[in-house]
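Chain by chain, the residues:
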Amino acid sequence: MTTDIESSTNSTSVVDVIIPVYRGLAETRRCLESVLAFPQRSACEIVVIDDCSPEPELSAWLSTLAETGAITLLKNPVNTGFVNTVNRGMILHSDRDVVLLNSDTEVHGDWLDRLRRCADSDAMIGSVTPFSNNATICSYPCFNQDNPLPEDWPLATLDRLLAEVNTGLAVEMPTAVGFCMYIRRDCLEEVGYFDALIFKRGYGEENEFCLRATEVGFKHLLCADVFVYHQGGVSFGEETKALCVEAEQRILERYPHYLSLIGEYCARDPARVLRRRIDRFRLIRSPRPRILFITHTWGGGTEKHVCDLARILEPIFEIMILRPTGPHGVSVEWARNGEEFIVYFSVPYDYPKLLDFIRSLEIARLHIHHVIGLNRQILQLPQDLCLPYDFTLHDYYPICPQYTLTFKDGRYCGEPDVDGCNACLTERPALWGLDIVTWRELLGKLLSDADRVIVASQDMETRMRRYAPNAHYIKLPHPEPALTVPVPHAPPCGELKILVLGRLTPIKGLYRLEACAIDARLRSLPLFFRVIGHADRDVRQEPEIPLSFSGPYNDIELPLLIGRERPDLIFFPAQCPETYSYTLSYALVTGLPIVAPRLGAFSERLADYPQAWLLDWDAPVTECNDLFVSLLESVSGSRAEASDDA
Amino acid sequence: MTPEDYLQRYIEPFQTLAGTVSPGDWQPLASDYYYPPHSEQGSGLDTLNRTELLDMLQRILAIEYPQQRLAKTTASAFPEVLRRLKDEQAGWQTEMKRLEKELERLEELSAQRRSDNERITAELIEHQTERQRLAVELERRQGESAVFVNEISTLRANLADLRKSTSWKLTKPLRWFGRMVKAMQAPDA
């Protein structure tokens, strides 16, 4: 529950800020210096407990600080572990509230006053935890993650923002998080201290304590107007993970419902509202101009381009991305690395709210990448917002509702006349039930009103100009970093290994490839077809025919996978006019012979490539295989000469 | 095309945009906009205030009843709904009674726990005090031990000096003669 906290601070009693110390002089110094730098209205005593630190410099520094009277220093004669140490601190003054503060944290401003105000807002509050960058369910910006502090937002600025945006707000949680935990004395008196027998070295003790407290009716709050920086893992280093696993097992022995409790909280995530309030303020205060991308959720090359472009523009712009969440909804997300801001609108009902929201972000420009899957209302955005926009064409959607200029069987349709297209739409209707003329009028207007229509190839521009001649086209091949694909060159061992790249569909030539492999088997040709990727449906494969698939892959693995296959040739069996082809970019840097259809972007992208062979997209498979066999002979000959020369 | 070249070409027409944004105004957004549609978490209900709840109901009505009027068949369903709600109310009353009993039990349990906690806290404080006393005792004993070690070293040094002295060497025959006399006087000799 989000709670508005009424101030009822009992400011006369003293709060003990207990800081157990074991390792890390630099972190401990930063922590204590931050605590001492900000006087609080609440009376407090800083109790530092040196748990027999193995770092003499740390112990010496603490002793020096204690001599000034700034802190109360307790020293354990032997190392007693985190939990015993904390318990010693809590026992020290049996009438005081306490704050357990890890020595690798940093605080800012009137942090303690704000925590205390939250803790005093209800008699049944047991504990209060602030937001932090590294605090599992209290983490910000990303929930349940170890985040760096957001770029341009150091602790002081961020904490001030929380204090301003989330003043007095809190949500109830199933457990506190121990890096910074305010515990009321009432709760300690009812529930007792941490269980040092079970959780001697730390991790999990605060969760078990909270579960005990919940059993007798106490609540645990996330205090949304305080942010405490937490480095994490200083005292235990790499042991942290193992300690967490062990702690979880011990909690589950006592409280078998613990994980479901946490799981339910994470699914519900009531603190999301509070995190989003901070995000929105940070976004609004960013000095970078904003661009809103509009795209689909189908993944593939469009998604890759959108993500690449967002990353390239990130230093100069704030990029927001609008996507469909269904036929009647859209989401708008902040595409900056390390942010999780996302909002949802139902469309058309919430369309006015969506407009208000976009206006509040001061979006300066739109960039449409795709509109498939979006509610038709979204097409009105540029006009309703009166904003300039670009339109990148990733396929032929504005002129072909099937988006690839192909028949149902995946073969290039040859771009028939209006009757031919309407016949196609009878079989496979367009989105929003439009006929081809209305469709092209609607989307053609969107193209002609755009500042720029960005195409990745000349072929695409030529094709599109036939249908939307008034648009302002510019050719911008997709941005790609310099690629290297090391392929060991060796003479073919009597058989030509032909590599095909990417997820194969009938449009991408799946059936054509299968037909080539069948022909190779029937004519006993020395050819083997290997696909790095997978097929979207069942086809015949090895051992029946010389064709096999490696399975799905990540783009980043592709150079390694190509090299490992040691192919002799790369083949593109596509049956539609490709608009760019990312996989061709990888093939071009291998130096291997490439066979591709004389269709779409292939012709121009391979024009200057010395080892390119272009075939008609619908050339008979026998012609295709005959070319491969002739290439086998030339490849064998040239590589043999090369090895002789070597 | 390299990313750098692309960026250059991409921002050409609107380079003046960079650095022109002034901080915008804070526009409140109802909390349910932050959750995906049809997600099975009731967080919206947890965090909604009355206005937000009304807004949400209006939106549900707009989707479920776009015609904004009730059909006759829908209206006839209301007595049935009312009956069901009454049944539910009776069920909740029974549940309330059960919860009251449960509360009584928990209060008893809580009192018991409180008493246990007081006892354990007292024991813990006692152990802590004892541990601190023992630590002090240990420190005192370690100090004493150091003093004894020093004393032993001093005595050993004195003994060595004595054995090296001329008087010790001169009286050596006398000590030998003494030992012989004692041996002869012994009952077994």
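Residues numbered from 1 in each chain as written. Chains lettered and ligands numbered in written order. Predicted model: local features only at pLDDT ≥ 70, side-chain atom pairs only at ≥ 80, totals over all residues.

(A) Fine view of the overall build of chain B. Helix and strand counts for chain B come out as six helices and zero strands. Each helix and strand of chain B, placed in order from N terminus to C terminus, yields the pattern α-α-α-α-α-α. (Helix = DSSP H or I, 4+ residues; strand = E, 2+ residues; numbered from the N terminus.)

(B) The arrangement of the sheet that holds strand E23 (residues 594-597) of chain A in detail. Residues and elements named next belong to chain A. Read from one edge to the other, the open sheet built from six strands follows the order E21-E20-E19-E22-E23-E24, with strand pairing classed as parallel. Two strands in the sheet have a free side with no partner beyond their single neighbour: strand E21 (547-549) and strand E24 (612-615). Averaged over all adjacent pairs, the angle separating strand axes in this sheet is 25°, with direction ignored. Note that strand E19 (residues 496-501) and strand E20 (residues 527-532) share six bridges and pair parallel. The partner of Leu-499 across the bridge, within E20, is Arg-530. Sitting on the sheet, helix H17 (residues 510-522) touches E19, E20 and E21, and the angle it makes with E20 is about 155°. (Pairing = 2+ DSSP bridges. Axes fitted to C-alpha atoms, helices over the stretch in contact; angles between N-to-C directions. Contact = placed C-beta atoms within 7 Å.)

(C) Representation of the domain arrangement of chain A in the model. All names here are of chain A. Each assigned domain of chain A is listed with its residue range as follows: domain 1 (11-278), domain 2 (287-475) and domain 3 (496-645). The C-alpha-based centres of domain 1 and domain 2 are spaced at 48 Å. Each partner contributes to the interface: domain 1 provides seven residues, whereas domain 2 provides four residues. Of the residues assigned to the side of domain 1 that touches domain 2, the class counts are five nonpolar, one polar and one charged. (Domains from an automatic or database assignment. Nonpolar A, V, L, I, M, F, W, Y, C, P; charged D, E, K, R; others polar.)

(D) View of the nonpolar core. Residue and element names in this part refer to chain A. Counting residues in hydrophobic clusters, the biggest one holds 181 residues, and the most contacted among them are Val-17, Ile-18, Val-99, Leu-115 and Met-320. In terms of residue count, strand E10 (residues 219-230) provides more of this core than any other element does, eight residues in total. When sequence neighbours within four positions are dropped, the list of residues in contact with Val-99 reads Val-15, Val-17, Ile-18, Leu-112, Leu-115, Cys-180, Met-181 and Tyr-182. (Core = buried A, V, L, I, M, F, W, Y, C linked by C-beta atoms within 7 Å. Buried ≥ 20, exposed ≤ 12 C-beta atoms within 10 Å, placed from the backbone.)

(E) Quick look at the sheet that holds strand E15 (residues 363-368) of chain A. Residue and element names in this part refer to chain A. An order of E14-E13-E12-E11-E15-E16-E17-E18 is seen for the eight strands of this open sheet, with the pairing classed as mixed. The open sheet has two edge strands, strand E14 (342-346) and strand E18 (473-475), and neither has a second partner. Taking the axes of each pair of neighbouring strands and ignoring which way they run, one obtains an average angle of 25° across the sheet. Sheet contacts for helix H12 (residues 351-360): strand E11 (290-294), strand E13 (329-334), E14 and E15; angle to E14, the most-contacted strand, approximately 150°.

(F) The arrangement of the pairing of strand E16 (residues 389-392) of chain A in detail. Residue and element names in this part refer to chain A. Neither face of E16 is open: one carries Tyr-389 and Phe-391, the other Asp-390 and Thr-392, and all of them are buried. The pairing of E15 with E16 spans three bridges and is classified as parallel. Across the sheet, His-367 pairs through a bridge with Asp-390, a residue of E16.

(G) Broad picture of unusual backbone geometry. All names here are of chain A. Following Tyr-140, the chain continues to Pro-141 via a peptide bond in cis, the omega torsion being 5°. When you line up the elements, Pro-141 lands in the loop between strand E7 (125-132) and helix H5 (155-165). The step from Glu-542 to Pro-543 runs through a cis peptide bond, and the omega angle for that step is 5°. For Pro-543, the location among the structural elements is in the loop between E20 and E21. A positive phi is found at Asp-152, a non-glycine position, where the angle reads about 70°. One can find Asp-152 in the loop between E7 and H5. The exposure class of Asp-152 is exposed, given the 12 C-beta atoms found within 10 Å.

(H) Local environment of the confidence of the model for chain B. Residue and element names in this part refer to chain B. Within chain B, residue pLDDT values average 78, and 70% of them lie at 70 or more. Of all helices and strands in chain B, the one with the weakest mean pLDDT is helix H2 (residues 43-47) (47), whereas helix H1 (residues 3-11) scores best (91). Taken together, the stretch residues 40-46 has pLDDT below 50 and engages in 15 contacts with residues farther than four places along the chain or on a different chain. Scored below 50 in pLDDT, residues 66-72 makes one contact in the model with residues more than four places away or belonging to other chains. Prediction confidence for the complex, expressed as pTM and ipTM, is 0.76 and 0.81 respectively. (pLDDT = per-residue confidence, 0-100.)

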